[in-house]
Amino acid sequence: MAVCARLCGVGQSRRCRRRQRQNQQDQGSDSEMDEEEEERIVGHRQADVGIGCGGLESDVATAGPSDACEYGSGLVNRRSLLEASSTGPPHPQSLADLPPELLVEILSLLPGTVLPNVALVCKKFRQIVNTETIWRRRCTEEFGMKEDLRKMEVGGVSSRDLYVKRVNPRVKSGRFMKLLPDYEHMDYRDIYTCLLHPYRHILGLWQPDIGPYGGLLNVVVDGLFIIGWMYLPPHDPRVEDPMRRRPLFRIHMWESNKATVECMYGHKGPHKGDIQTVKKDEFSTKCNQTDHHRMPGGRQEEFRTWLEEEWGRTLEEIFHEHMQELILMKFIYTSQYDNCLTYRRIYLPPAMPSDLLQPGLFKGTYGSHGLEIVMLSFHETSARATKLTGDPNVPAGQLTLDIDLSRPVVLPDLERQRNIEELSRLVLGVHEQVQREAEQQATATARGAAEEACGGASEAKGAEADSSVCSDGCQPGPSNTSSNPPDAQPFVLPMGVMARNEVYPRTCRKCFYGTGLIAGHGFTSPERTPGLFVLFDEDRFGFIWLELKSFSLYSRLTDHLAHAHAPNMERFEAMLRNMQSWTS
């Protein structure tokens, strides 16, 4: 029986199975043999003159067409069966000799971009490449698409329901089903070749060019769509709430061989749009029907709707006059773009074992400007927070916080912490030392340029050695501060420091000296002022702005962001430099 199974290649015939059961009953053996025992029996029978499965020689001679062992559509005759039983199954001479199911498994491992070339090899390969299993695997592994086209969802809502609700919520969904593509007749190869692969270069994180305000756009494969989600901070002051998302555009398969771009801005549903690739790591969107952005009540209705979405309240509920002016200014500035924007790629910062905490994106409180998004990254002995969203004072792309991890600050007891003068004395003492060391190094550098090379080099080295020592004698470096974290210590904000009703933790892990960037309206007279960086836990930190007597609380953005990690630190550093140049 085992010989028959090996020669058939596709299974056992009914006659072979009946003969095997009869022989096993006669021999008093189990009906289910393990593979090793079957191999032993096969080898033993191959040594006999009467090879077969329980008298296979006579069985094959008397068997009819329906009972013969088959390979594909051809029948195995007596002579070929006997020859194969003595020599074993033939080894494949080429890849094309492998069974189709094995070829499907092998070709499924290849990138989708090379499969069209594989299909040119021969007719068999062309047929194999057209298998849905291969393209389904490419869609899921390369782009994270779910496995069943008919069960895909967009943001927790089925793609069909989302489309119907966005088109016209007053019309029953059944009347609008015909406007959707016929997904049941759409295959994975069309999805890959006409949607995912052509638009692969826009997947990931992007920053829109909206003057000082910036933003965070995440382009993802979401069900049967590629959707550009604009990430918005939670409504102020709930900094620990999850991020909000607003779709700006989407791309989907309207026909089996064509992808359609739609603008999602406004409140009248999807309408015609366009996407253009400007250059590498940059693209632009264009709305072809901007009248869909207008509302019947005019600009006043548009402003009320925008204010409710952006701030979660009405203008009457915002009592601060300066805040009202800032909000109105932002609406006027941002609404003029009509979703016709240019986007530049941004990366998430790479993580290193010596980092004080996991780098990433955080939401932070910025007084009258509300909540903004920053990117925390680590660079040897410093931690930097760069703005992804900004305001008219300090625009997006600027370095809002610069923390010196080689200069820890030990907090006093709670009573002395409440005294703003005591905290200022500690931080300003470190700040003055940093300034003295910077002046000494500048003087040594200037002296070294005037003196002989050997003498100047020695003095420069001496100055560097002096500046590398902390005020309390500790050695610099993030590894020194993160390898043995101390127990949590009590923390309280000093009296007179504004916190905008943030509920901050009452214990912290570490504190460090740092500087924060402040500026006048229009980014005039920018200045770095001293402050205190407070690490609460892995997902929260704070910064006390001493000159402003203000406190900012930052909470981690926990959303999963695919296609967003930097390939290396060099690319990430170059991106940071470019971000600052966009708004300088």
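Scroll up for the structure.
Our subject in this report is the structure included herewith. Quick caveat, the model's predicted, so the values are computed rather than measured.

The rules behind the values
Sequence order sets the numbering: in each chain, residues are counted from 1 along the sequence as written. Whole-chain, interface and lining totals are the exception, using all residues; otherwise, since this is a predicted model, local features are given only for residues with pLDDT of at least 70 and side-chain atom pairs are given and counted only at 80 or more. Excluded from the side-chain calculation are hydrogens and water; included are all heavy atoms of the structure. Numbering goes from the N terminus for both helices and strands, where a helix is a DSSP run of H or I of at least four residues and a strand is a run of E of at least two. Any two residues whose heavy atoms approach within 4.5 Å at even a single point are treated as in contact. What makes a salt bridge here is a side-chain nitrogen of Lys or Arg within 4 Å of a carboxyl oxygen of Asp or Glu, nothing more. Here's how the labels work: a residue is buried when its accessible area is under 20% of the maximum for its type, exposed when over 50%, partly exposed in between, all with a 1.4 Å probe on protein chains only. Put simply, buried Ala, Val, Leu, Ile, Met, Phe, Trp, Tyr and Cys residues joined by side-chain atoms within 4.5 Å make one nonpolar core. Patch construction takes residues with relative accessible area above 30% that form no salt bridge. Like charges are linked within 9 Å, and nonpolar side chains (Val, Leu, Ile, Met, Phe, Trp, Tyr) are linked within 5 Å. The protein chains shown are the only cover counted for residues, whose accessible areas, like all others here, come from Shrake-Rupley with a 1.4 Å probe. Two strands qualify as a pair provided DSSP detects at least 2 bridges between them.

## Concerning the environment of Pro92
Structurally, Pro92 can be placed in the loop between helix 5 (78–87) and helix 6 (100–107). What Pro92 contacts, discounting residues up to four positions off in sequence, is Asp97 and Leu98.

## Examining the pattern of salt bridges
Summed over all chains, the structure comprises 27 salt bridges. Here Lys387 makes a salt bridge to Asp391, at a shortest N to O gap of 2.9 Å. Given a relative accessible area of 1%, Lys387 falls into the buried group. Put simply, Glu105, Arg137, Arg138, Glu141 and Glu142 are held in one network by salt bridges that share partners.

## Notes on the nonpolar core
In this structure, Leu196, Ile202, Val219, Ile226, Phe249, Ile251 and Phe283 are the most contacted members of the largest nonpolar core, which totals 43 residues. At six residues, the largest contribution of residues to this core is made by helix 11 (residues 188–196). Every residue in contact with Ile202, bar those within four places of it in the chain, is listed here: Val219, Ile226, Phe249, Ile251, Ile275, Phe283 and Arg345. Among the nonpolar cores identified, the runner-up in size contains 24 residues, and Val239, Phe491, Cys511 and Phe536 belong to it.

## Digging into a nonpolar patch on the surface
Together, Leu95, Leu102 and Ile106 make up an exposed nonpolar region whose accessible area comes to about 220 Å². Under the relative-accessibility criterion, Leu102 is labelled partly exposed at 38%.

## Topic: the pairing of strand 6 (residues 216–222)
Across the seven residues that make up strand 6, a large majority, seven, are buried. Burial along strand 6 is two-sided: the face carrying Leu216, Asn218, Val220 and Asp222 and the face carrying Leu217, Val219 and Val221 are both buried. The pairing of strand 5 (residues 204–208) with strand 6 spans three bridges and is classified as antiparallel. Bridged to Gly204 within strand 6 is Val219. Bridge count for strand 6 against strand 7 (residues 225–232) is seven bridges, and the pairing is antiparallel. When the sheet's bridge partners are listed, Asn218 is paired in strand 7 with Trp229.

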